[in-house]
Amino acid sequence: MMKFGSFTFQPQKPMGFDFHVFRVKPETGLRLKPMQDMHSNIAVFADTHTGKEHPDWISQSPLGLAKFGNNNFNLYWSVICATQPEYREDQLKYIADVDRQSQGIWLNSQYFAEHGHCTCPRCQKLYKKSGLSWLEWRRKEVTDYIAQIRDVVKKDLVLSIQPDPVSSLERYGVNFDDFAKYADVFNVVMFSKNYATPWYWEMLARGFKKILKKPFYISLYVYGPGDAPQDVPTTQELLTVTARCARSGADGFLYLTDGEKEIVDFQKEAIEKRELREKLRTYGGKEVQEALDKIAEWEKIVK
Ligand SMILES: [Zn+2]
């Protein structure tokens, strides 16, 4: 059955969603108080705050450090080396603690920063000692750490992945079959400031449907902190991309906003788009009907 979740930077629970995910530790490294009745999203290795305190922990590569300003990579924050032992230990304890205080754990950035990472002295040593190929060594480092995390998370563990179904091993050390052994659900993060070409997003969703061995949700970008109305996707685009990805067989959608106000604004606009919603009903697939039924329910909630 299709599920909808809210995905927010504020500890708020808008109505009309099956569950609520709170960004307890975003990429800034800020740690907020978990909420008993919300799921917790933690950016693991992306942590600008820790990067400032320990510049030598920042992930290294032949194309430079994993930090904001290095345009070889798509980074708006600092990423800590994925083998840094003190940081790994600290995150493991933190994740266990947040799990106890909330509904479960949604991780992102639980892998290497990007292609070519990490070439710090410790990683070079570990790689040589492993006897594995570079890509297989990175994969093992990532998967072994996920296994450790799985041991300490007693509730649901959701693993977010980048919207790249083809090159995740080369870029992040991520093997989806390895992750499927530990994840209850995948969350494919398809954030974009517009969804003007839904064909591409549908193509990615179909790719993930084909290869992921666990259910998967898709996270869509609605309205982030500090955005202006002209910066964000239109409601028409969001409804259309939801239908297009739903018919690929996605198991649910999350809608990212700063807080409750922005999500209620989106819901209000969505229920106004009656004609578009009727048209989208003809797009086929039971998941499309289920998603549109959920949006139709917002009519009773949001006035
Ligand atoms: Zn390293």
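Sequence positions are assigned chain by chain, starting from 1 and proceeding in written order. The model is predicted, so local features are restricted to residues of pLDDT at least 70 and side-chain atom pairs to those at 80 or more, both for listing and for counting; the totals for chains, interfaces and linings are taken over all residues.

### Details of the environment of glutamine 124
Thought 1: Secondary structure elements are defined from DSSP: runs of H or I of at least 4 residues count as helices, runs of E of at least 2 residues count as strands, and each element is numbered from the N terminus. Positionally, glutamine 124 belongs in helix α3 (residues 121–130).
Thought 2: Every C-beta atom is placed from the backbone, and the number of other C-beta atoms within 10 Å of a residue's own sets its class: buried at 20 or more, exposed at 12 or fewer, partly exposed in between. Look at glutamine 124 and you get exposed, because 12 C-beta atoms sit within 10 Å.

### Side note on the packing of helix α8 (residues 235–246) against helix α9 (residues 260–272)
Thought 1: Running from N to C, α8 and α9 point in directions that differ by 80°, and their axes come no closer than 9 Å. The angle between α8 and α9 places the two elements in the roughly perpendicular class. Judged by residue contacts, Thr235, Leu238 and Leu239 of α8 engage Phe266, Glu269 and Ala270 from α9. Angular values range over 0 to 180 degrees, each being the angle between N-to-C directions of two axes fitted as lines to C-alpha atoms, with helices fitted over their stretch in contact. What sets the label is the angle itself: under 35 degrees gives roughly parallel, over 145 gives roughly antiparallel, 65 to 115 gives roughly perpendicular, and the rest give oblique. By definition, residue pairs are in contact when their C-beta atoms, positioned from the backbone, come within 7 Å.

### Side note on the sheet that holds strand β4 (residues 104–108)
Thought 1: Here a strand pair is declared whenever DSSP counts at least two bridges between the two strands. What the eight strands build is a closed barrel, ordered β1-β2-β3-β4-β5-β6-β7-β8; its pairing is parallel. Averaged over all pairs of adjacent strands, the angle between their axes in this sheet comes to 25°, without regard to strand direction.
Thought 2: Helix α2 (residues 85–100) contacts β2 (19–25), β3 (39–43) and β4 of the sheet and is inclined by roughly 140° relative to β4.
Thought 3: Here α8 sits on the sheet in contact with β7 (216–223) and β8 (252–257), set at roughly 170° to β7.

### Structural notes on helix α4 (residues 134–152)
Thought 1: For α4, spanning 19 residues, the distance from its first C-alpha to its last is 28 Å, which sits close to the expected 27 Å at 1.5 Å a residue.
Thought 2: For α4, the set of buried residues is Arg138, Arg139, Glu141, Val142, Tyr145, Ile146 and Ile149. All buried residues of α4 lie within an arc of 160° about the axis, which places them on one face of the element. Away from its buried face by more than 90 degrees, α4 exposes Asp144, Ala147 and Asp151.
Thought 3: As for α4, its buried residues are in contact with α2, α5 (168–172) and α6 (176–182). Working rule for helices: expected span equals 1.5 Å times residues minus one. Relevant arc is that of directions from the helix axis to the C-beta atoms, nothing else.

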